[in-house]
Amino acid sequence: MSSLLILKTRICLKYVSPLFNLSTAGFTLNNVISKLSVRTRLLCTKGVSRHAANNRKEDRQREFNIRERPPFPKSVFAAGTAKRTAEYQKKRVEEEPDFPRKNKRVEPPEHPLTASEWKSLKLTSPNPDRFDVRMMSSMLADGTDINVAKSLLAYVAMDTGTLSYELLLRYLTLCVGGSHHSEVFDMYDIMRSRFRTLDTGASSLFIKGFSRTERWKEALTILENIKRAITPSPRNYGDTIAGAVLHGDGATAWALYAELMEKGLIPNQETWQALFQCGLSHQGHEDGLQSILLHMRDNQIYPEETLVKDIKAWFESLPEQKWIGSWSTVHPRGVCRSCQAELESIQLSQEEYAQLKDRVMGDVIQGRDVFNKTTPEELESFKNFVKRKPTFDVVIDGLNVANIGIKGNQSQTLLEVVSELERQGLVILVLGRKHMQRPSRSWDRNDMSLVQQKAHCFFTDNISEDDPFLLYATLHSGNHCNFVSRDLMRDHKACLPDGATRRLFFKWQRGHQLVLSSYTPGKRVRFQRILTYDTIVQTNGGSWHIPYDENGAERCTYEVPQKWLCLTRAK
């Protein structure tokens, strides 16, 4: 398939012509082909868009100064906090000038064009290179009428005598996305006749396209063909499952789902939604549907609002069980506002805490790259320091906390935070850097002297990182110990070897990290409330509580939803 396939235009005509019957455009492919030389060949080259990789960029979390944050009442881990903060910060800086891009987007026409009109449009384009592919991509983005796309293909065939595989694949994507079933069937007949096998991109599109039609069982055949080469994607399985449910074949849907899970794939939410919809129309499979909820619990997955509505409808449809669903939130004390049930605690059990402590000590504190952040001698010195001291109630990342205040007055900020925690009768450890002990405009001698009177202090080398020391001291002190930092520890969580341990770390972090909610010099320091309950799917047999993502809400990976579905049995 990676080789060039050369097909005589005259041979291809009987397969390709159904795609281009454009009476509205004033021509058909027959008219185009007749203008081409008999010896002209249709060259179909397969390729992957070189722009695809450039479009996948990770969003970076910007650091922010807490004193400038708006007074958001929710936790830093509450869904949407990062988005609101980013929007707030964006308003505080001037927008960068919008420099013209080298490759401007081409705008699709509103109606089919003749060959001469397409040629004129191409010549006036600022960048004629790959005009056909870029135009088809724009049509995909805009959901352009299928006849406009057909007229473009007819023009390209006449103008160049070639239709690239990349262009055909984009056209197929447009057909599938627009539910143009007859065009999908035509493309399938053409490509299956001309090519011995289909690549995974085309196969996935055909699976999706066929699953929505009366020919949905052919999607199962395509899925089997994919299995001969690679493991199908969760999306491939999801489309075939949705097709089976749509056409009333629940047994096939559940068999495909079992196969998906056996392969260790992660289902899409649309797949779960299809299965719950299947449960609404066909009684049975209660154990299977509840196992989906338990899978969400074990993997800290939150259903989207569209899915959770089907979950609610399914529970309420169960005969003689009398489930009642309501939309709810949770009181900071950890009580459901709808049924008044107390949710599971955020605190780790002794077994969970011991497991997490061992893994963090081994993989983060003593991991392979730890000495890129410190030295063996410094780490050993810190361990001996901790052993000599009483267990701490709170550990402070001194430099991180000090930098939330006014620049040039870091020592006063740190002193006020330490003083607030001392007023609460807590045993405090402050982790800092050695340069903080040298008097300067930022680090007042008297302020730092008072900090050392109120708290135990350990100062690392200026090139060392504080986080491994902070995690070591906090975990060593016991499950009661909290820590103060704006750092969300995502890099350290990523160092942990498996998903279960990473979820334990996140649970521990949400139950132990203190974050300043606001800070004004001279006023009392206030911290965001640490939630007392765990945000996961949970049940006690007589009720279910399911946190979910609202439609349109944007949630970072370290945030948790604030909305819940409460399901209880009527008494």
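Residues numbered from 1 in each chain as written. Predicted model: local features only at pLDDT ≥ 70, side-chain atom pairs only at ≥ 80, totals over all residues. Heavy atoms only, no water.

1. Remarks on the overall build of the protein
Stage number 1. On a plain count of helices and strands, the protein comes out with 23 helices and 13 strands.
Stage number 2. In the protein, which comprises 571 residues, the proportion classed as buried is 49%.
Stage number 3. Sequence-distant contacts in the protein: of pairs separated by 6 or more residues, those separated by 24 or more amount to 73%.
Stage number 4. Surface accessibility of the protein: about 29,200 Å² in total, with carbon and sulfur atoms responsible for 48%. (Helix = DSSP H or I, 4+ residues; strand = E, 2+ residues; numbered from the N terminus. Buried < 20%, exposed > 50% of the residue type's maximum accessible area, 1.4 Å probe, protein only. Contact = heavy atoms within 4.5 Å. Areas by Shrake-Rupley, 256 points an atom, 1.4 Å probe, with all protein chains shown as cover.)

2. A few points about the sheet that holds strand β6 (residues 456–460)
For sheets, the rule is that strands pair by backbone hydrogen bonds, running either parallel or antiparallel.
Stage number 1. Spatially, β6-β5-β4-β7-β8 is the arrangement adopted by the five strands of the open sheet, whose pairing is parallel. The open sheet terminates on both sides in strands that have one partner only, identified here as β6 and β8 (513–514).
Stage number 2. Relative to strand β5 (residues 428–433), strand β4 (residues 394–397) is paired through four bridges, and the arrangement is parallel. Considered in β5, the bridge of I396 is made with V430.
Stage number 3. Lying over the sheet, helix α21 (residues 467–477) contacts β4, β5, β6 and β7 (482–484), oriented at roughly 175° with respect to β4.
Stage number 4. Sitting on the sheet, helix α23 (residues 499–512) is in contact with β7 and β8, with an inclination near 75° to β7. (Pairing = 2+ DSSP bridges. Axes fitted to C-alpha atoms, helices over the stretch in contact; angles between N-to-C directions.)

3. Considering the packing of aromatic side chains
Stage number 1. For the structure shown, the criterion picks out 20 aromatic pairs.
Stage number 2. Between Y188 and F210 the ring centres are 4.9 Å apart and the planes differ by 65°, which places this aromatic pair in the edge-to-face class. Of this pair, Y188 sits in helix α8 (residues 181–194) while F210 sits in helix α9 (residues 200–211); the two residues are 22 residues apart in sequence, bridging distant segments of the chain.
Stage number 3. Judged by its relative accessible area of 7%, Y188 is buried.
Stage number 4. Look at F382 and F385: their rings are 6.3 Å apart centre to centre, the planes differ by 20°, and that puts the pair in the stacked class. Separated by three residues within a single helix, F382 and F385 lie in helix α17 (residues 376–388), roughly one turn from each other.
Stage number 5. We classify F385 as buried; its relative accessible area is 8%. (Phe/Tyr/Trp six-rings, centres within 6.5 Å; stacked < 30°, edge-to-face > 60°.)

4. Description of helix α5 (residues 131–142)
Stage number 1. Given a rise of 1.5 Å per residue, twelve residues ought to cover 16 Å, and the 16 Å separating the end C-alpha atoms of α5 matches this to within 8%.
Stage number 2. Residues of α5 that are buried: F131, D132, V133, R134, M135, M136, S138 and M139.
Stage number 3. Elements in contact with the buried residues of α5: α4 (115–123), α6 (146–160) and α7 (165–177).
Stage number 4. At the C-terminal side of α5, G143 shows a positive phi close to 65°. (Expected span 1.5 Å × (residues − 1).)

5. Re the pairing of strand β13 (residues 563–569)
The side chains of a regular strand alternate, first on one face of the sheet and then on the other.
Stage number 1. Where strand β3 (residues 323–328) lies against β13, six bridges are found, and the strand directions are antiparallel. When the bridges of β13 are listed, S326 appears paired with C566.

6. Observations regarding the pattern of salt bridges
Stage number 1. Per the stated rule, a full pass over the model turns up 22 salt bridges.
Stage number 2. With a shortest N-O distance of 2.8 Å, R423 and E420 are connected by a salt bridge. Remark: E420 and R423 occur in helix α19 (residues 410–423); sequence separation between them is three residues, near one turn of the helix.
Stage number 3. By relative accessible area, R423 is classed as exposed at 57%.
Stage number 4. Judged by its relative accessible area of 3%, E420 falls in the buried class.
Stage number 5. As a salt-bridge pair, K507 and D534 come within 3.7 Å of each other at their nearest N and O atoms. Note that K507 is positioned in helix α23 and D534 in the loop between β10 (526–527) and β11 (538–539), a separation of 27 residues in sequence. (Salt bridge = Lys/Arg side-chain N within 4 Å of Asp/Glu carboxyl O.)

7. A closer look at the nonpolar core
Soluble globular proteins tend to bury their nonpolar side chains together.
Stage number 1. One finds W118, M136, L152, F206, I292, L293 and F315 to be the most contacted residues of the largest nonpolar core, which totals 75 residues.
Stage number 2. Not counting residues within four places of it along the chain, the set of residues in contact with F206 comprises L172, V184, M187, Y188, M191, L198 and I222.
Stage number 3. L348, V360, F382 and A473 belong to the second-largest nonpolar core, a separate cluster that totals 29 residues. (Core = buried A, V, L, I, M, F, W, Y, C linked by side-chain atoms within 4.5 Å.)

8. Points about the environment of G284
Stage number 1. Looking at the element boundaries, G284 is found in the loop between α13 (269–281) and α14 (286–298).
Stage number 2. A residue is classified by how much of its surface remains accessible, and G284, at 27% relative accessible area, is partly exposed.
Stage number 3. Here the alpha-carbon distance between G284 and L318, two residues 34 residues apart in the chain, equals 9.4 Å.

9. Let's talk about the sheet that holds β3
Stage number 1. Overall, antiparallel pairing links the four strands, which are arranged β3-β13-β12-β11 in an open sheet. Sheet topology places β3 and β11 at the edges, where each strand pairs with a single neighbour.
Stage number 2. Sheet analysis places β11 next to strand β12 (residues 543–548), joined by two bridges and oriented antiparallel. Of the residues in β12, the one forming a bridge with T539 is W544.
Stage number 3. Contacting β3, β12 and β13, helix α15 (residues 305–317) runs over the sheet at an angle of about 155° to β3.

10. Brief notes about the confidence of the model for the protein
Stage number 1. Across the protein, the average pLDDT comes to 83, with 81% of residues at or above 70.
Stage number 2. Contacts for the low-pLDDT stretch residues 1–16, under 50 throughout, to residues beyond four places or in other chains number 36 contacts.
Stage number 3. Confidence over residues 96–102 falls short of pLDDT 50; this stretch has zero contacts with residues more than four positions distant or in other chains. (pLDDT = per-residue confidence, 0-100.)

11. Observations regarding the packing of α13 against α14
Stage number 1. It is the contact of α13 with α14, at a shortest axis distance of 10 Å, that shows an interaxial angle of 150°. Classified by the angle their axes make, α13 and α14 are roughly antiparallel. Crossing angle aside, the handedness with which α13 passes α14 is left-handed. For the pair α13 and α14, contact is made by W272, L275, F276 and G279 and by L289, I292, L293, H295 and M296, respectively.
Stage number 2. In terms of residue class, the contact of α13 with α14 is built from seven nonpolar, two polar and no charged. (Parallel < 35°, antiparallel > 145°, perpendicular 65-115°, else oblique. Left-handed = near helix turned anticlockwise from the far one by under 90°. Nonpolar A, V, L, I, M, F, W, Y, C, P; charged D, E, K, R; others polar.)

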